[in-house]
Amino acid sequence: MPSSIASTPPAWHRYGMRALAAATVAGLACGLLGGAGLIGAPVPALAGAAGLFLVAGLLAWPAPRKVARPSANQFTELADAELLRAELAERLAMAQPDRPAAVITLELDGFAAIRDTLGQDGLNALVCEAAGRLRAAARGEDMVARTGLAEFVVLQRDGLQPEAAARFAGRLVHELSRPYALDGRPLICGAVAGIAVAGPGLAMEALLAQSAMALERARADGQGTARFFEAGMDTALSARHSLEGALRQAAAAEEFQLYYQPVFDLRSRRLLGFEALLRWSHPERGVVSPAEFVPLLEETGLILPVGAWVLRKACQEAARWPAPIGVAVNLSPAQFRRDEVLDAVRTALAESGLTPGRLTLEITEGLLLEHTEAVLTTLEQLHALGVEIALDDFGSGYSSLAYLWRFRFDTLKIDRAFVQELRRDGKAAAIIESIIGLGHSLDLRITAEGVETEEQLIALSGVGCDEVQGYLLGRPMPSAEAALLAEATRRPATRSAA
Ligand code: C2E
Ligand code: MG
Ligand code: MG
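Bear in mind that the values here come from a model prediction, so they are computed numbers and not experimental data.

Reading the values: rules and limits
Residues numbered from 1 in each chain as written. Chains lettered and ligands numbered in written order. Predicted model: local features only at pLDDT ≥ 70, side-chain atom pairs only at ≥ 80, totals over all residues. Heavy atoms only, no water. Donors = N, O, S within 2.8 Å, 3.2 Å for Na, K, Ca; no water. Helix = DSSP H or I, 4+ residues; strand = E, 2+ residues; numbered from the N terminus. Buried < 20%, exposed > 50% of the residue type's maximum accessible area, 1.4 Å probe, protein only. Pairing = 2+ DSSP bridges. Axes fitted to C-alpha atoms, helices over the stretch in contact; angles between N-to-C directions. Left-handed = near helix turned anticlockwise from the far one by under 90°. Contact = heavy atoms within 4.5 Å. Nonpolar A, V, L, I, M, F, W, Y, C, P; charged D, E, K, R; others polar. Phe/Tyr/Trp six-rings, centres within 6.5 Å; stacked < 30°, edge-to-face > 60°. Lys NZ or Arg CZ within 6 Å of the ring centre and 35° of its normal. Near = heavy atom within 4 Å. Polar contact = N/O pair within 3.5 Å; in protein donor to acceptor, adjacent residues only side chain to side chain. Areas by Shrake-Rupley, 256 points an atom, 1.4 Å probe, with all protein chains shown as cover. Core = buried A, V, L, I, M, F, W, Y, C linked by side-chain atoms within 4.5 Å. Arc of directions from axis to C-beta. Salt bridge = Lys/Arg side-chain N within 4 Å of Asp/Glu carboxyl O. Parallel < 35°, antiparallel > 145°, perpendicular 65-115°, else oblique. pLDDT = per-residue confidence, 0-100.

In a perfect tetrahedron of four donors around a metal, the angles come out at 109.5 degrees. In a perfect octahedron of six, they are 90 or 180 degrees. Protein coordination of the magnesium ion (ligand 3) is provided by Asp392 (OD), Asp393 (OD), Glu449 (OE) and Glu449 (OE), with donor distances spanning 2.0 to 2.6 Å. In the primary sequence, the donor residues of the magnesium ion (ligand 3) line up as D-D-x55-E. The two metals, the magnesium ion (ligand 3) and the magnesium ion (ligand 2), are separated by 3.7 Å and share aspartate 392 as a common coordinating residue. Of the two residues, aspartate 393 is situated in strand β13 (residues 388-394) and glutamate 449 in the loop between β15 (445-448) and α17 (454-462); the sequence distance between them amounts to 56 residues.

Here's what the structure looks like:
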């Protein structure tokens, strides 16, 4: 229950008991939508909060105010940002140093995708249900506010910090992560939390900002995570923001480059094609690894224009190589979300004139975990264009056999982690052998990635692997070098005569 009233009436109490009535009505409405089931995402370790303390809370929101309220808050009946600030200022002024307040900022995950699927009504119902869960989890002296579309702030009145805030944030994340039932349909929606604890001399705005920074960190760490603000986070975040700014500029100025890594037929050692790998040469940072910036491109949505550029560029390049040498392009889940990938592939093929069969699209299992039906449909449509589809990094994630059954991939790429354990670890060899056996029985070609030694090559040959790629055979190279390699393999006789 949301609501015993604090002995010292908090600021929100001034808004009167009507708040409670409104909250109860909203709570009942939300209750109708209440989902069953438990579970909830695991809440990983809460990072330490040296010298910081916090309070979380719940605010049932009251009577209509003078200004028009955003319509969504009519559903949740929670406090808004303005009221949150007023309450926090009051609490900070009255706080006892040994029992500081904590600010917990929470966010529902995958909100945009949910809005696309469920529409505005579904969204309101979800937010309403989430608000009800937070209310129910909070004590009367705590305050719950809604500060964004899918963002809530809970002020924990006091406690022995940081333990109290850690426990409370974990519970809130768990509550928000329990399955929802909207319109009778189950829905899983993760949550993350950022925590900041009040401390001597820490101003209110700084405390809120710390909680928001901790949330950003939790978001980067993944679903189910709650993180405390830590010293240095602001520096790390500003570095990240500057990288993001530079990336936006790079995308606008088309500062990216593609490198190409050769893929060979294992038995004949013939060049089959190249995998296109994105590179960013920054004047000061040097060559930045895609592992560092692709996730940021995904988060900022820049992956859409950049991904379309990669497709166009790779197809143009490949069209100049002798057939049947092909090119493989990596696709991000984000490119599938807006259905843009089909158009991007069509355009790239049409502009370059590349035969569709010479283009392979590499996707990872992560893509298949979300929106499976929609993704499978898009993959079928891509297949219908005549392009090949490869499942990349197989073995590194869930490796669900259901995907192999539901969609007919052309190629399975074994993750390099297995390949690199090949010599030392008998288990890795057994796993690779069974992946190959399974793949072959489904008529798939198998590519091993990350081949670095002759031993690995021999072992792969022994277990019937079809294709290989790795530093031993060729590192990713600029397009001019790739073109030379492609030309050379087309004319072996000319080459040996020269
Ligand atoms: P990936 O698709 O699995 O690409 C293979 C990665 O393994 C490449 O790293 C490649 O340079 C590296 N590699 C190849 N052979 C060896 C080897 O023998 N040993 C070792 N240790 N590494 C090897 P890279 O280029 O840093 O790319 C990393 C990841 O970034 C790629 O993994 C891919 O997931 C992503 N990526 C690269 N280009 C693009 C792109 O254009 N679009 C998208 N969405 N993702 C991309
Ligand atoms: Mg790949
Ligand atoms: Mg890979």
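A word on the pairing of strand β12 (residues 359-363). Counting buried positions along β12 gives 5 out of 5 residues, so the element sits mostly inside the fold. Neither face of β12 is exposed, since Leu359, Leu361 and Ile363 on one face and Thr360 and Glu362 on the opposite face are all buried. Pairing analysis gives 4 bridges linking strand β11 (residues 326-330) to β12, with the strands arranged parallel. What sits directly across from valine 327, in β12, is leucine 359.

Turning to the coordination of the magnesium ion (ligand 2), a few remarks are in order. For the magnesium ion (ligand 2), the full set of protein donor atoms is Glu275 (OE), Asn330 (OD1), Glu362 (OE) and Asp392 (OD), at a range of 2.0 to 2.2 Å. Mapping the donors of the magnesium ion (ligand 2) onto the primary sequence yields the spacing E-x54-N-x31-E-x29-D. Among the residues examined, aspartate 392 registers a relative accessible area of 6% and is labelled buried.

Running from amino to carboxyl end, helix α6 (residues 204-221) crosses helix α7 (residues 233-252) at an angle of 65 degrees, the nearest separation of the two axes being 10 Å. For the pair α6 and α7, the crossing hand works out as left-handed. For the pair formed by α6 and α7, the contact residues are Met213, Ala214, Glu216 and Arg217 on the first element and Met233, Asp234, Leu237, Arg240 and His241 on the second. Of the residues in the contact of α6 with α7, the class split is 4 nonpolar, 1 polar and 4 charged.

What follows covers the packing of aromatic side chains. With the rule as written, the count across this model stands at 7 aromatic pairs. On the numbers, 5.8 Å between centres and 80 degrees between planes, the contact of tryptophan 280 with phenylalanine 293 is edge-to-face. Separated by 13 residues along the polypeptide, tryptophan 280 in strand β9 (residues 271-282) and phenylalanine 293 in helix α8 (residues 290-300) bring together distant segments of the chain. For the residue pair tryptophan 280 and phenylalanine 293, the accessibility class agrees, reading buried in each case. Taken together through their ring pairs, the aromatic side chains of Phe256, Trp280 and Phe293 make up a single cluster. If you follow arginine 133 out to its NZ or CZ, it ends over the ring of tyrosine 180, 3.8 Å from the centre. One cation-aromatic arrangement involves arginine 475 over tyrosine 471; the distance from NZ or CZ to the ring centre is 3.8 Å.

As a structural note, the neighbourhood of ligand 1 is formed by 23 residues, with Asn330, Ser332, Arg416, Glu452 and Tyr471 the closest of them. A distance of 2.9 Å separates an oxygen atom of ligand 1 from a polar atom in the side chain of glutamate 275. One of the backbone nitrogen or oxygen atoms of leucine 278 is found 3.0 Å away from a nitrogen atom of ligand 1. In isolation ligand 1 has 790 Å² of accessible area, and contact with the protein removes 85% of it.

Counting residues in hydrophobic clusters, the biggest one holds 78 residues, and the most contacted among them are Phe256, Leu359, Leu361, Ile363, Leu379, Leu382 and Leu460. Among the elements that line this core, the one with the most residues is helix α9 (residues 303-320), at 9 residues. Each residue touching leucine 361, except ones within four places of it in the same chain, is listed here: Leu311, Val329, Leu331, Val345, Leu382, Val387, Glu388, Ile389 and Ala390. In this structure, Ile104, Leu108, Val144 and Leu176 belong to the second largest nonpolar core, which totals 37 residues.

Backbone-to-backbone hydrogen bonds join strands into a sheet, with any given pair of strands oriented parallel or antiparallel. Pairing within the open sheet is mixed, and its 5 strands lie in the order β2-β3-β1-β6-β7. A single partner strand is all that each edge strand has here, and the edge strands are β2 (143-146) and β7 (226-228). Each strand of the sheet is rotated relative to its neighbour by a mean of 20 degrees, with strand direction disregarded. Here strand β1 (residues 102-108) runs beside strand β6 (residues 191-197); their pairing, made up of 7 bridges, is antiparallel.

Another aspect to go through is the environment of leucine 404. As for its placement among the helices and strands, leucine 404 is situated in helix α14 (residues 401-406). Look at leucine 404 and you get buried, because its relative accessible area is 7%. Sequence spacing of leucine 404 and leucine 444 is 40 residues, and the spatial spacing of their C-alpha atoms is 9.7 Å. Here leucine 404 is in contact with Leu391, Phe394, Phe409, Leu412, Leu438, Leu442 and Leu444, once residues within four sequence places are set aside.

For α8, the full list of buried residues reads Phe293, Leu296, Leu297 and Thr300. On an axial view of α8, the arc spanned by its buried residues comes to 105 degrees, and they lie on one face. You can read the cap of α8 off the contacts: a side-chain oxygen lies 3.0 Å from the backbone nitrogen of alanine 291, and it is on serine 289.

Time to look at the pattern of salt bridges. Summed over the entire model, instances satisfying the criterion amount to 18 salt bridges. Between glutamate 275 and lysine 413 there is a salt bridge; the shortest N-O distance is 2.9 Å. On the criterion of sequence distance, the pair formed by glutamate 275 in strand β9 and lysine 413 in strand β14 (residues 411-414) is long-range, its members being 138 residues apart. Ionic pairing is found between arginine 445 and glutamate 388, a salt bridge with its closest N-O pair at 2.9 Å. One end of the pair, arginine 445, is in strand β15; the other, glutamate 388, is in strand β13, and 57 residues separate them in sequence.

So, about the packing of helix α3 (residues 81-94) against α6. Viewed as axis vectors pointing N to C, α3 and α6 meet at an angle of 115 degrees, and their least axial separation amounts to 10 Å. Here α3 lies roughly perpendicular to α6, going by the angle between them. For the pair α3 and α6, the sense of crossing is right-handed. Here Leu84, Arg85, Leu88, Ala89 and Leu92 of α3 lie close against α6, whose contacting residues are Met204, Glu205, Leu207 and Leu208. Here the contact of α3 with α6 is composed, by residue class, of 7 nonpolar, no polar and 2 charged.

Another point: the confidence of the model for the protein. Confidence along the protein averages 80 in pLDDT terms, with 81% of residues attaining 70 or more. Segment residues 1-72: pLDDT under 50, and 192 contacts once partners within four positions in sequence are set aside and those in other chains are kept.

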